[in-house]
Amino acid sequence: ERRPRFGLMRGREFTMKDAYSFDRDTAAAQVSYQAMAQAYRRIFDRFGLTYRAVAADSGAIGGDLSEEFQVIAATGEDAIVYCPGSDYAANMEKAEALAPAGARAAASQPLVKTATPGQSTCAAVAELLGAPLATTVKSLVLATDETNDLGEIIKSQVWLLLLRGDHDMNEIKVAKVPGLDKGFRFATLPEIDAHFGCKPGYLGPLQLQQPVSLVVDRDVAVMHDWICGANAPDFHMTGVNWGRDLPEPDLVADLRNVVAGDASPDGKGPLAIERGIEVGHVFYLGTKYSRAMGATFLDVAGKPQFLEMGCYGIGITRLPAAAIEQNHDERGIIWPDAIAPFTVAVCPIGPDRSPDVKAAAQSLYADLMAAGVDVILDDRGERPGAMLADWELIGVPHRVVIGDKALKDGQVEYQHRRDAAATRVGAAEIAAFVKSRLSTPATPAA
């Protein structure tokens, strides 16, 4: 990784498990895709991680179907969009922002060129005018270039995107707009000056110097009495309305990131957003790469056909990092059973002073080892406080403490790493008790 992030996330080494599928037709390829997607779900379930499988944009890899597997964590790099009332889930790049329901309200304000000295952001203008930020419209100026065979620019086109002032542009969605889908860039200052006659911060769709290609976000298309730049320094236009002050927009598209509270695309309630760490991704590629490589097979009629492909990956080294980000407290790590360095730590107190404690610890260790449990016996002779703090920091999920005083009463202490306090268990029953706890994993943190 070129940019290590924090803790174990984005470490400089990265190990990926990759897999590929090759099928004869779309139906068979879909079967392979679903088989891998379900296998990934079983893997992450077995690891004891709280995760979501979310619809994702395929990006540069291509294809028209993909899912990310995101481990839920407050420190996650990605925003996961979901509907609490349904199974809808998508990453921020893929999540659809619906147009507000209902017809656009009629104009109720006159168009006025309003002084806004020194206020070049939507938030500053809204505050100055005492208007809600959601009534402002921001202008984003892009450009596309047409090149010759030598890669020289022979023609450029300037585009104006209109988004609500409290919304953010989604570059993945913008890159799917017809005309922008072959690549775009942000316009240069000379291009902006030539088309708007004004510097950024006061731009708008009215009184342009030269025509531009206009793309309007769904929310802006149904707004009325809105505020935008006046294409004059220190001025904005208030009371702007479609139809009266501007022609109805020809090109309306979903251009923005969704926000919490937006309507879910499946119609089953509002959207919510949480953070996640991507640990796996599955893609249905179709024939994008097989066509490029000329990868074919002979069908039953003996004719060459392009292979239908899929690709699938799990970030091996990301999994423990994600597990730690999701499962920890002020004392250290809390490992899920399936990926803990050891599942059980047996901690004798003063074994050098008590032959009974030493014998009980060694007996429990042997019993658990014989049962196939991944157990470690702490025979360092450390002081109790330091020894227990070490295992809390390391995060071994199950701990058995054997002390001379409790053992004389036929008792030992068991504590799961998430438990607030230890539980007294009969020394004769402790092996069976621990094994019963292993068969009922603790619920991971949300």
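Residues numbered from 1 in each chain as written. Predicted model: local features only at pLDDT ≥ 70, side-chain atom pairs only at ≥ 80, totals over all residues. Heavy atoms only, no water.

1. Examining the packing of helix α8 (residues 355-370) against helix α11 (residues 430-438)
Orientation of α8 relative to α11, taken along the N-to-C sense of each, is 45 degrees, at an axis distance of 10 Å. Considering their axes alone, α8 and α11 lie oblique with respect to each other. Along this stretch, α8 crosses α11, giving a crossing that reads as right-handed. Packed against α8, whose contacting residues are L364, D367 and L368, the element α11 presents I430, A431, V434 and K435 at the interface. Grouping the constituent residues of the contact of α8 with α11 by class yields five nonpolar, no polar and two charged. (Axes fitted to C-alpha atoms, helices over the stretch in contact; angles between N-to-C directions. Helix = DSSP H or I, 4+ residues; strand = E, 2+ residues; numbered from the N terminus. Parallel < 35°, antiparallel > 145°, perpendicular 65-115°, else oblique. Left-handed = near helix turned anticlockwise from the far one by under 90°. Contact = heavy atoms within 4.5 Å. Nonpolar A, V, L, I, M, F, W, Y, C, P; charged D, E, K, R; others polar.)

2. Details of the sheet that holds strand β11 (residues 226-229)
Taking strand neighbours across the sheet as the criterion, the three strands line up as β6-β12-β11 in an open arrangement whose pairing is antiparallel. Either end of the sheet is taken by a strand with one partner, and the two such strands are β6 (112-115) and β11. Along the sheet, successive strands turn relative to each other by an average axial angle of 35 degrees, direction set aside. Across four bridges, the pairing between β6 and strand β12 (residues 235-240) is antiparallel. (Pairing = 2+ DSSP bridges.)

3. A closer look at the pattern of salt bridges
One pass over the full model with this rule turns up 23 salt bridges. R41 is paired through a salt bridge with E67; the nearest N and O atoms lie 2.9 Å apart. Here R41, found in helix α1 (residues 26-46), pairs with E67, found in strand β3 (residues 65-72); they are 26 residues apart in sequence, far enough to count as distant. The exposure class assigned to E67 is buried, which follows from its relative accessible area of 14%. R218 is paired through a salt bridge with E96; the nearest N and O atoms lie 2.9 Å apart. Of this pair, R218 sits in helix α5 (residues 218-221) while E96 sits in the loop between β5 (89-91) and β6, and the two are 122 residues apart along the sequence. (Salt bridge = Lys/Arg side-chain N within 4 Å of Asp/Glu carboxyl O. Buried < 20%, exposed > 50% of the residue type's maximum accessible area, 1.4 Å probe, protein only.)

4. Points about the sheet that holds strand β9 (residues 185-186)
Picture the strands of a sheet paired through backbone hydrogen bonds; they go either parallel or antiparallel. Strand order in the open sheet made by the five strands is β9-β7-β8-β10-β13, with mixed pairing throughout. Each having just a single partner strand, β9 and β13 (252-253) make up the two edges of the open sheet. For strand β10 (residues 213-217) and β13, the ladder comprises two bridges, and the chain directions are parallel. Bridge assignment links D217 to a residue of β13, and that residue is A253. Helix α4 (residues 189-196) rests against β7 (137-147), β8 (153-164) and β9 of the sheet, and its axis sits at about 70 degrees to β8.

5. Here we look at α8
Taking 1.5 Å of rise per residue, the 16 residues of α8 would be expected to cover 22 Å, and the 22 Å separating its terminal C-alpha atoms lies within 8% of that figure. Considered for burial, the residues of α8 that qualify are V357, A361, L364 and L368. On an axial view of α8, the arc spanned by its buried residues comes to 65 degrees, and they lie on one face. Residues of α8 that are exposed and point more than 90 degrees away from the buried face comprise P355, D356 and A370. Of the surrounding secondary structure, the elements contacted by the buried residues of α8 are β20 (344-348), β21 (375-377), β22 (398-402), α10 (404-408) and α11. (Expected span 1.5 Å × (residues − 1). Arc of directions from axis to C-beta.)

6. Notes on unusual backbone geometry
Look at Q207: it is not a glycine, yet its phi comes out positive at around 55 degrees. Tracing the backbone through its elements, the reader meets Q207 in the loop between α4 and β10. On the basis of relative accessible area, Q207 is assigned to the exposed category, the value being 59%.

7. A word on the side chain of Q326
Tracing the chain through its elements places Q326 in helix α7 (residues 318-326). With a relative accessible area of 6%, Q326 lands in the buried category.

8. Some details on the environment of R24
Within the secondary structure layout, R24 lies in the loop between β1 (16-23) and α1. A residue is classified by how much of its surface remains accessible, and R24, at 58% relative accessible area, is exposed. As a C-alpha pair, R24 and F306 span 282 residues in sequence and 7.7 Å in three-dimensional space. With residues near it in sequence (within four places) discarded, R24 still touches F297 and E308.

9. So, α4
Note: α-helices contain 3.6 residues per turn, so residues at a spacing of three or four share the same orientation. Within the sequence span of α4, burial applies to E191, I192, H195 and F196. Seen from one end, α4 has its buried residues packed into an arc of 105 degrees, which puts them on one side. Set apart from the buried face of α4 by more than 90 degrees, the exposed residues are L189 and P190. Structurally, α4 contributes buried residues whose contacts are with β7, β8 and β9.

10. A word on empty space enclosed by the protein
Throughout the structure, instances matching the rule amount to one cavity of 30 Å³ or more. Reported here for the largest cavity is a volume of approximately 90 Å³. What lines the largest cavity is R331, W391, E392, V396, P397, H398, R399, Q415, H416, R417 and D419. Those elements that provide at least two residues to the lining of the largest cavity are α9 (384-394), β22 and β23 (411-416). Considering only residue class, the lining of the largest cavity consists of three nonpolar, three polar and five charged. (1 Å grid on protein atoms, 1.4 Å probe; cavity = no way out; pocket = protein on both sides within 12 Å on 5 of 7 lines; lining within 4 Å. Points joined across faces, edges and corners; volume = space filled by probe spheres on them.)

11. Thoughts on the confidence of the model for the protein chain
Mean pLDDT over the protein chain: 91, with 94% of residues reaching 70 or higher. Within the model, the stretch residues 441-446 combines pLDDT values under 50 with 14 contacts to residues more than four positions away or in other chains. (pLDDT = per-residue confidence, 0-100.)

12. Considering the packing of aromatic side chains
Tallying each qualifying case throughout the model produces seven aromatic pairs. Measuring from centroid to centroid gives 5.6 Å for Y40 and F69, while their planes differ by 55 degrees, and the two rings are tilted. Taken together, the residues span a long stretch of sequence, with Y40 in helix α1 and F69 in strand β3 at a distance of 29 residues. An identical accessibility class is assigned to Y40 and F69; each is buried. Feature note: the residues Y40, F44, Y51 and F69 constitute an aromatic cluster, connected by ring pairs. Its guanidinium or amino end placed over the ring of Y82, R52 lies 3.9 Å from that ring's centre, counting from NZ or CZ. One cation-aromatic arrangement involves K113 over F235; the distance from NZ or CZ to the ring centre is 5.0 Å. (Phe/Tyr/Trp six-rings, centres within 6.5 Å; stacked < 30°, edge-to-face > 60°. Lys NZ or Arg CZ within 6 Å of the ring centre and 35° of its normal.)

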